[in-house]
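Overview (structure and organization)
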Amino acid sequence: MSKTKSKNIEMITGDPKKAIIKLALPMMLSMLLIMMYNIADSIWVAGLGADALAAIGFITPLFMVLVGLGNGIGAGANSLIARSIGANNYDGANNAALHAIVLSVIVSVIFTIIIEVFMVPILQFMGAGSTIQYAMAYSYIIFGFLFIFVYSGVASAIFRSEGDMRRATIAIAVTAVLNIILDPIFIYILNLGIAGAAWATIVSAVMSCLVMSYWIWGKKDLYLDLSPKNFSYSSKIMIDTLQVAIPSTLENIVFSALAIIINSMLVMAADTTAVAVYTASMRIVQLAMIPLIGFGTAVLTVAGVAFGAHNYKNLQTAHSYSIKIGFAVSIILGAIMFIFSTQIATMFSYTEASASLSPQIATAISVLSLFVLAIPHGMMSSMMFQGVGKGTYSLLITLLRSLILESVFAYLFCFIFGWGLTGIYAGVVFGCFVGGTVGYIWAKFFIRKFKQISIKKYAPQAE
């Protein structure tokens, strides 16, 4: 079975530079909206005091795992669908998308039970201390609706895999805008406190899922056809999806583990207030990383299509171009963070309970502004590997960069060199850069080998 190619399909199979820009810009808008509501969460919760803000800091690593489940399965589906489209395998693309949706249901049920049962021991292990009541009030609600976030990540990835960034962006916009509106209503007007922030997130995410489900099964105007009749269970498709999904999900667990380690170091070097400071500062760093995430997500799709078509030129161009433009944008955003660190910090000190945090947040932001400059080459290399179905390679890069190097240098600079909290921030930056450099070199070797194979075996398609 075949289907006439839409403009989106023609775009992702054409000039990789144009495809990366067209895919990345809507994704940047999506991520901007997501980060805005994450920052709004922190800002509104900060009004409840340092303990409430620190509780969000303890929950964030676990929430990253939650989101990572959906994004991991979505990345696996995105990679396989894109490779199928590149190889002109329409039926395979449909079946890959349907497998991802089924997988999202299975995974959600399993992990909801696990997380809800072991929530208290996990928080105690993380050192939540005096913030544990706030953390529990927030986490039980968020993790109780795990399926919403997992399904949302998968559905959004399906749209991205066929180059339909417009609707992927609209769905995320629904979540973000609603959350920003509902946060103060639920937290303060309805007087639900930190639980209100959780409910605002849930309600917003549900609306987004309903919108995407209507497009997929109601309107039915995707390039892909996700009718149940097109589902035919295949262990090969399941394994192929999981080969990217599991490493991608584990990467989020690695980031969460790193956050737990860093939070522990912060408590050792100071107290739980340091966690609140780091949480607020990293919200700003994540905001500045939006363009990089946009480019990286675009690379995953473009690399997958190029790999499926055995087009080494497009793969090479996508990798190199994304890194160049990523560094250019990072320099600008890093400079803005550094110059305006004091002004940015005031957003988190609008009440008497949080006013004392402002100078510490400003210091953290000024140092962590360098983190934005340290990440482009490593991130684009990891996303390229995910796109071509080598999720394990991406995971190994992340393990080296984040869990090993960032935590080792943070400990070294803080406790051995005696640089205190600033040493932790500096260690995270330096470890990220060194690990990313290793990933970049590895990616270059992989592309060179792929080029040799393509020329030898698939010369007509590669030229």
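Our structure's up above, just so we're on the same page.
Turning our attention to the overall build of the protein. The number of helices and strands found in the protein is 19 helices and zero strands. Its C-alpha atoms give the protein a radius of gyration of 22 Å, within 12% of the compact-globule value 23 Å for 463 residues. Dimensions of the protein along its principal axes, counting C-alpha atoms only, are 65 × 45 × 35 Å. Burial statistics for the protein: of 463 residues in total, 59% are counted as buried. For the protein, the share of sequence-separated contacts (at least 6 apart) that also reach a separation of at least 24 residues comes to 84%.

Within the largest apolar cluster, 154 residues are counted, with the highest numbers of intra-cluster contacts made by Ile81, Ile158 and Met384. Looking at this core, the element that brings in the most residues is helix H3 (residues 50–86), giving 18 residues. Apart from the residues lying within four places of it in its own chain, the contact partners of Met384 are Val299, Ala303, Leu315, His319, Ala443, Phe446 and Ile447.

A separate point is the side chain of Ser322. Note on placement: Ser322 falls in helix H13 (residues 312–339). For Ser322, the side chain forms a polar contact with the main-chain oxygen of His319, separated by 2.9 Å.

Let us look at the pattern of salt bridges. Pairing between side chains of opposite charge can happen when the charged atoms of each approach one another. Enumeration according to the criterion identifies five salt bridges in this entry. Two residues, Asp221 and Arg167, come together in a salt bridge whose shortest N-O distance is 2.6 Å. Placement of Asp221 in the loop between helix H9 (194–219) and helix H10 (235–269) and of Arg167 in helix H8 (residues 165–189) is noted, with a sequence separation of 54 residues between them. Residue Arg167 is classed as buried on the basis of its relative accessible area, which comes to 5%. One salt bridge connects Asp225 with Lys229, and the closest N-O pair in it is separated by 3.6 Å. A relative accessible area of 63% means that Lys229 is categorised as exposed.

Cut-offs used in this document
Residues numbered from 1 in each chain as written. Predicted model: local features only at pLDDT ≥ 70, side-chain atom pairs only at ≥ 80, totals over all residues. Heavy atoms only, no water. Helix = DSSP H or I, 4+ residues; strand = E, 2+ residues; numbered from the N terminus. Rg over C-alpha atoms; globule rule 2.2 N^0.38 Å. Buried < 20%, exposed > 50% of the residue type's maximum accessible area, 1.4 Å probe, protein only. Contact = heavy atoms within 4.5 Å. Core = buried A, V, L, I, M, F, W, Y, C linked by side-chain atoms within 4.5 Å. Polar contact = N/O pair within 3.5 Å; in protein donor to acceptor, adjacent residues only side chain to side chain. Salt bridge = Lys/Arg side-chain N within 4 Å of Asp/Glu carboxyl O.

Keep in mind these values describe shape, not function.
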